[in-house]
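Geometric and topological summary
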Amino acid sequence: MEIYGLEGYKICPVQAHEGGRNLVYTCGKDGVEDKVIRISFLDDRSRQDLLGEVEYIRYLFQHGASVSDVVNSQRGRLLEEIVYNDHSFFVVLFKKAKGMKLAENHYQYREGVPITENYYNCGKVLGKMHQLAKGYTPSHRRYSFFDKYNAAYIDNLIPDSLSLLKEKILELLQTLKGLDMSQESYGMVHFDYSDGNYMIDFDSGQITVFDFDNSCFCWYMFDLANIWTHGVGWIQFEKDAGKRQAFMKDYFETVLNGYRSEAEINISMLEKLPLFINVVVMENIIDAFEVMRNSGEELECGEELSYLIKCLEDDIPYKGFFNEIYSVEEPFEYEERTI
């Protein structure tokens, strides 16, 4: 409170979600803008990583991207370190994004306005961030995709009993190594861009993005593929696979229209959407195993994780959404695997 001048604020903890990595608190005080404290305490992010994240957020904000800005400490720092009992706690203060999440509003959009406005805005805000990323030169560089996603890490994380999964992930990584990594295709990305990580001002429809905790250097297509995978929720209970496919085509075209209003994207990269949906599936699988490892839980494959693994092992495209593996009664679930 002293470091950030928060005396007189009401500070409340935000309930943690599964897989969450940080402690988060909201800070409210009459007559001033609400803020959010984030305290990082795990050892899987270096000071350099965290500085790379907050400096990038500040860069985006200063150049007109719709992101939740970092608040400087009283000492003028974007990142503060507090050492207690020989353990470092890294603290960042953010301006609280205006509005609500879609989920908090029960997935009801602005009254009298079609939800397609949100699809378009979602793409537009992402396009702006990606366009700015193409001109970004970091002082503190965040890690790149292959720094984390490589053969040694996969072999250490994924149990040997899932040998086919390991093989498919390594094949996927090998394919990615052959892709264009120029500034037009590859740069800083959010890496977790979805309606869970932006607020919507329900008066204007404006989106404000937050939670760059997973940001890294990667292909811009990853963020777009992630948007695709989150779009399935709008039509997941439709029994007709053809109708699901038609909806997803229209949905993603609207997202792309918004994106292209701010940034260009190479057609040859867009054609790799199915590949990058597989990369998103891979990341979801790896994240599930990381959460189990970090919490000390015994490794297990629940129905959702088993579904994702089945998609990769059997080369089922588009997260299985148009395949017979998909069930509207049990969306994105499959018989549990034994590890």
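Data block above holds the structure.
What this report covers is the structure whose coordinates are included nearby. (Residues numbered from 1 in each chain as written. Predicted model: local features only at pLDDT ≥ 70, side-chain atom pairs only at ≥ 80, totals over all residues. Heavy atoms only, no water.)

Some details on the nonpolar core
Grouped together as the largest cluster of nonpolar side chains are 98 residues, with contacts concentrated most on Phe145, Leu176, Trp219, Phe276 and Met282. A per-element tally of this core places helix α9 (residues 273-295) first, with twelve residues. Among residues more than four places away in sequence, those in contact with Phe276 are Leu176, Leu179, Trp219, Met221, Phe222, Ala225 and Met269. Counting nine residues, the second largest nonpolar core, distinct from the first, contains Tyr4, Leu6, Val71 and Val91. (Core = buried A, V, L, I, M, F, W, Y, C linked by side-chain atoms within 4.5 Å. Buried < 20%, exposed > 50% of the residue type's maximum accessible area, 1.4 Å probe, protein only. Helix = DSSP H or I, 4+ residues; strand = E, 2+ residues; numbered from the N terminus. Contact = heavy atoms within 4.5 Å.)

Some details on the packing of helix α5 (residues 163-176) against α9
When two helices pack together, their arrangement is given by the angle between their axes and by how far apart the axes lie. One can describe the packing of α5 onto α9 by two numbers: an axis separation of 11 Å at closest approach and a directional angle of 135 degrees. It follows from the interaxial angle that α5 and α9 lie oblique. In terms of crossing hand, the pair formed by α5 and α9 is left-handed. Within the contact between the two elements, α5 uses Leu165, Ile169, Leu172, Leu173, Thr175 and Leu176 and α9 uses Leu275, Phe276, Asn278, Val279, Met282 and Ile285. (Axes fitted to C-alpha atoms, helices over the stretch in contact; angles between N-to-C directions. Parallel < 35°, antiparallel > 145°, perpendicular 65-115°, else oblique. Left-handed = near helix turned anticlockwise from the far one by under 90°.)

Focus: the packing of aromatic side chains
Taken as a whole and judged by the stated rule, the model has 26 aromatic pairs. Their ring planes at 85 degrees and their centres at 5.8 Å tell us that Phe146 and Trp219 sit as a pair that is edge-to-face. A residue pair is termed long-range when its members are at least 10 positions apart, and Phe146 in helix α3 (residues 145-148) and Trp219 in strand β10 (residues 216-219) qualify at 73 residues. Note on accessibility: Phe146 and Trp219 belong to one class, buried. Between the aromatic rings of Trp228 and Phe322, the centroid separation amounts to 6.0 Å while the plane-to-plane angle is 90 degrees, which identifies the pairing as edge-to-face. Remark: Phe322 occurs in the segment after α10 (303-313) and Trp228 occurs in helix α6 (residues 220-231); sequence separation between them is 94 residues. These aromatic residues form a ring-pair network of at least three members: Phe145, Phe146, Tyr149, Tyr186, Phe191, Trp219, Phe222 and Phe276. Positioned above the aromatic ring of Phe146 is the side chain of Lys177, whose terminal nitrogen or guanidinium carbon lies 5.9 Å from the ring centre. The aromatic ring of Phe321 is capped on one face by Arg244, whose charged end is 5.2 Å from the ring centroid. (Phe/Tyr/Trp six-rings, centres within 6.5 Å; stacked < 30°, edge-to-face > 60°. Lys NZ or Arg CZ within 6 Å of the ring centre and 35° of its normal.)

Side note on empty space enclosed by the protein
Counted under the stated rule, the structure contains two cavities of 30 Å³ or more. Size it by volume and the largest cavity reaches roughly 110 Å³. Lining the largest cavity are 13 residues, and of these Cys122, Asp195, Tyr198, Trp234 and Tyr251 lie nearest its centre. When contributions to the lining of the largest cavity are tallied by element, the ones reaching two or more residues are α2 (116-133), α6 and α7 (241-260). Partitioned by chemical class, the residues of the lining of the largest cavity number eight nonpolar, four polar and one charged. (1 Å grid on protein atoms, 1.4 Å probe; cavity = no way out; pocket = protein on both sides within 12 Å on 5 of 7 lines; lining within 4 Å. Points joined across faces, edges and corners; volume = space filled by probe spheres on them. Nonpolar A, V, L, I, M, F, W, Y, C, P; charged D, E, K, R; others polar.)

Things to note about the environment of Met129
Counting through the fold element by element, Met129 comes out in helix α2. Its relative accessible area of 3% is what places Met129 among the buried residues. Met129 sits 97 residues away from Asn226 along the chain, and the two C-alpha atoms are 15 Å apart. Setting aside its immediate chain neighbours within four residues, Met129 contacts Tyr56, Leu60, Ala65, Val67, Tyr193, Val209 and Phe212.

Concerning the environment of Pro114
Mapped onto the fold, Pro114 is located in the loop between β6 (87-95) and α2. Separated by 17 residues in sequence, Pro114 and Ala97 have C-alpha atoms that sit 23 Å apart.

Structural notes on helix α1 (residues 47-62)
With 16 residues, α1 should reach 22 Å at 1.5 Å per residue; the first-to-last C-alpha distance of 22 Å fits that figure. Within α1, twelve of the 16 residues are buried, leaving the element largely enclosed by the surrounding structure. Among all positions of α1, only Asp49, Leu50, Leu51, Gly52, Glu53, Val54, Glu55, Tyr56, Ile57, Arg58, Tyr59 and Leu60 are buried. Once α1 ends, the next one or two residues include Gly64, with phi positive near 95 degrees. (Expected span 1.5 Å × (residues − 1).)

Examining the packing of α6 against α9
Where α6 contacts α9, the axes come no closer than 8 Å and their chain directions differ by 80 degrees. By the angle class used here, α6 and α9 are roughly perpendicular. Here α6 contributes Met221, Phe222, Ala225, Asn226, Trp228 and Thr229 to the contact with α9, which in turn contributes Leu273, Phe276, Ile277, Val279, Val280 and Glu283. Looking at the contact of α6 with α9 residue by residue, the classes come out as nine nonpolar, two polar and one charged.

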